[in-house]
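# Analysis of the macromolecular model
Below are the chains, spelled out letter by letter.
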Amino acid sequence: LGKKARTFDLEAMFEQTRRTAVERSRKVLEAREREKEDQAEKEFRYLHPDSPASASNVIGAQSTLTPRYLDMIKIHSVQQLPCLKAQGQNEDTDDEEEEDEEFIGPPLPPGFKDSDDDHDDDDMQDEDNNPVKKIPDSHEITLQHGTKTVSALGLDPSGARLVTGGYDYDVRFWDFAGMDASLQAFRSLQPCECHQIKSLQYSSTGDVILVVSGNSQAKVLDRDGFPVMECIKGDQYIVDMTNTKGHTAMLNSGCWHPKIKEEFLTCSNDGTVRTWDVNNEKKHKGVFKPRSVQGKRVIPTTCTYSRDGKLIAAGCQDGSIQIWDRNMSVHTKFHCRQAHAPGTDTSCLAFSYDGTALASRGGDDTLKIWDIRQFKKPLNSAERLPSFFPMTDCCFSPDDKILVTGTSVKRGGGSGKLFFFDRETFQKLYEIDVTNASVVRCLWHPKLNQIMVGTGNGLAKVYYDPIKSQRGAKLCVVKTKRKERQAETLTQDYIITPHALPMFREPRQRSTRKQLEKDRLDPLKSHKPEPPVAGPGRGGRVGTHGGTLSSYIVKNIALDKTDDSNPREAILRHAKEAEENPYWVAPAYAK
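All figures in this text were calculated on a predicted structure; none of them were measured in a lab. (Residues numbered from 1 in each chain as written. Predicted model: local features only at pLDDT ≥ 70, side-chain atom pairs only at ≥ 80, totals over all residues. Heavy atoms only, no water.)

### Focus: the overall build of the chain
When helices and strands are tallied, the chain shows eleven helices and 30 strands. Burial analysis of the chain (591 residues in total) assigns 39% to the buried set. Considering only residue pairs separated by 6 or more positions, the chain has 49% of its internal contacts joining residues 24 or more positions apart. Accessible area of the chain: about 36,100 Å², with a carbon and sulfur share of 53%. (Helix = DSSP H or I, 4+ residues; strand = E, 2+ residues; numbered from the N terminus. Buried < 20%, exposed > 50% of the residue type's maximum accessible area, 1.4 Å probe, protein only. Contact = heavy atoms within 4.5 Å. Areas by Shrake-Rupley, 256 points an atom, 1.4 Å probe, with all protein chains shown as cover.)

This is how it looks when you write it as structure tokens:
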């Protein structure tokens, strides 16, 4: 009660801050002057080893600067009174830059170069020659999607949000800027009820997400997971798939047009590849029908647009890769019949950033790269890369020089890996042991320079390098976990009625802690409820076999083990006791 409020003399505080700033600046400057003098002396000796006299002139010329700098610093510190340490450091570096520009002393000898520059150049050349150094894998974070396979990954173009989908039908949204180090998804939903999620992708503007699942209708959600449109289901009784408005069988894959933000592509087990417009859910935009050598229907297992959006490519179950011009759906523009082994699911097609090469990941455990202009045989091929999933990915690095894919493993059969191949030579450059389960999805984001990986045991991993990578995972690992607030004991809401009569007015609550202490002393409020009764019952309370008296009686009847099969014996059992100790009949007749 008798405490006085503290008073602050602001002027005195400002004056102290100013003095500290001047003092610190003077010390920094003196140290820098000393350094400069030493440097000038060394350079002078290097140029004029015979003349000792003129060295002092150089030093004198430099030391004349000191008062001018001190005045500048005094003025500067008065202008910026609340001078923080960080600001002071920045000012120092600015002054250094100014001094570098003015450069006092004799010119440097020809051919002399700052040693730091040499190192930087060497590092840059090393990095260019050695593409492994460009792989951002020094750090990783693990996002726990669930327990089942993460079969779909999508990152928006800016790299702010990641969306994951899995065999557990869930789609989870992760916001790197909003997440802390506990790495929790901010939303989880099941957009397609009980259908596995096959593919997720943000549109080129990042405002909507295409969801392809195991049913026949693709969905488009907005950034927060609310439905925007759902494709129509086709009529399965129509033979010619061109005449029906949508897919009639399970979808396999889908993707957005890279340039037209409203258009997307889907392929399905009904043997068609269809293009759609977000604004028209009643009917597809175009239909492409892959055909086998005999002209029969063949199922496309994956589809994609070229980087400029002019071509549509599909990998089919007969092992072929077929490519159409987006505007002409009848005949293929390029096709390769034996791209992969027939009967295997080609799980991914990816065009390079320069648009000349196409990479294909086959279900026959291979990764191949093609030049679509000479489409008869692959430029290069890598074998023995097991794939058990119909959506195992492959993708190009942002600089187009590396090709990445994951491998599958059986349970307990080692760890799934991420392999990096040189695009030109197809030599294996590097591998990352991801986890003791298959690596299904992989995605190398060009803006963030981070690699996202979806695995067979429900993890989404993000690999990054603090120096080479931007934003993304770097934003959330630096935030500390929020402390969970202990739920305060429910206290009765206090209703404020300023004009109520004294008899109706509630006493004003001081604080919850004092109230809780009072409640602890109140025998009624702090009464511990009776624990459940064990056994037949105790203290007038019936056991747990039923709360009613009748159930208790029924239970006791069932427990009564007396044998009433012979009534005469049952009555005579009490004859001796009745004779010795008469209670009912004899005393009544005695009088």
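### Observations concerning the pairing of strand β15 (residues 311-316)
Residues in a regular strand point their side chains to alternate faces of the sheet. Of all six residues in β15, six are buried, a share of seventy percent or more. Covered by surrounding structure in β15 are L311, A313 and G315 together with I312, A314 and C316, the residues of both alternating faces. The hairpin formed by strand β14 (residues 300-305) and β15 contains five residues between the paired strands, and G309 there has a positive phi angle of roughly 80 degrees. Bridge analysis of β15 against strand β16 (residues 321-325) gives five bridges, and the strand direction is antiparallel. The residue bridging L311 from the neighbouring strand is D325, located in β16. Counted between consecutive antiparallel strands, the loop separating β15 from β16 contains four residues, among which G319 sits at a positive phi close to 90 degrees. (Pairing = 2+ DSSP bridges.)

### A look at the sheet that holds strand β21 (residues 380-382)
Ordered in space as β18-β19-β20-β21, the four strands form an open sheet in which the pairing is antiparallel. Every interior strand has two partners, whereas the edge strands, β18 (348-351) and β21, have only one. Neighbour to neighbour, the strand axes of the sheet diverge by 15 degrees on average, direction disregarded. Pairing of β18 with strand β19 (residues 357-361) involves four bridges; the strand directions are antiparallel. By the bridge assignment, A350 is partnered in β19 with A359. (Axes fitted to C-alpha atoms, helices over the stretch in contact; angles between N-to-C directions.)

### Some points on helix α1 (residues 10-47)
Taking 1.5 Å per residue, 38 residues should reach 56 Å; α1 reaches 55 Å between its end C-alpha atoms and fits that length. At the N-terminal boundary of α1, the capping side chain belongs to D9, with an oxygen 3.3 Å from the backbone nitrogen of E11. (Expected span 1.5 Å × (residues − 1). Polar contact = N/O pair within 3.5 Å; in protein donor to acceptor, adjacent residues only side chain to side chain.)

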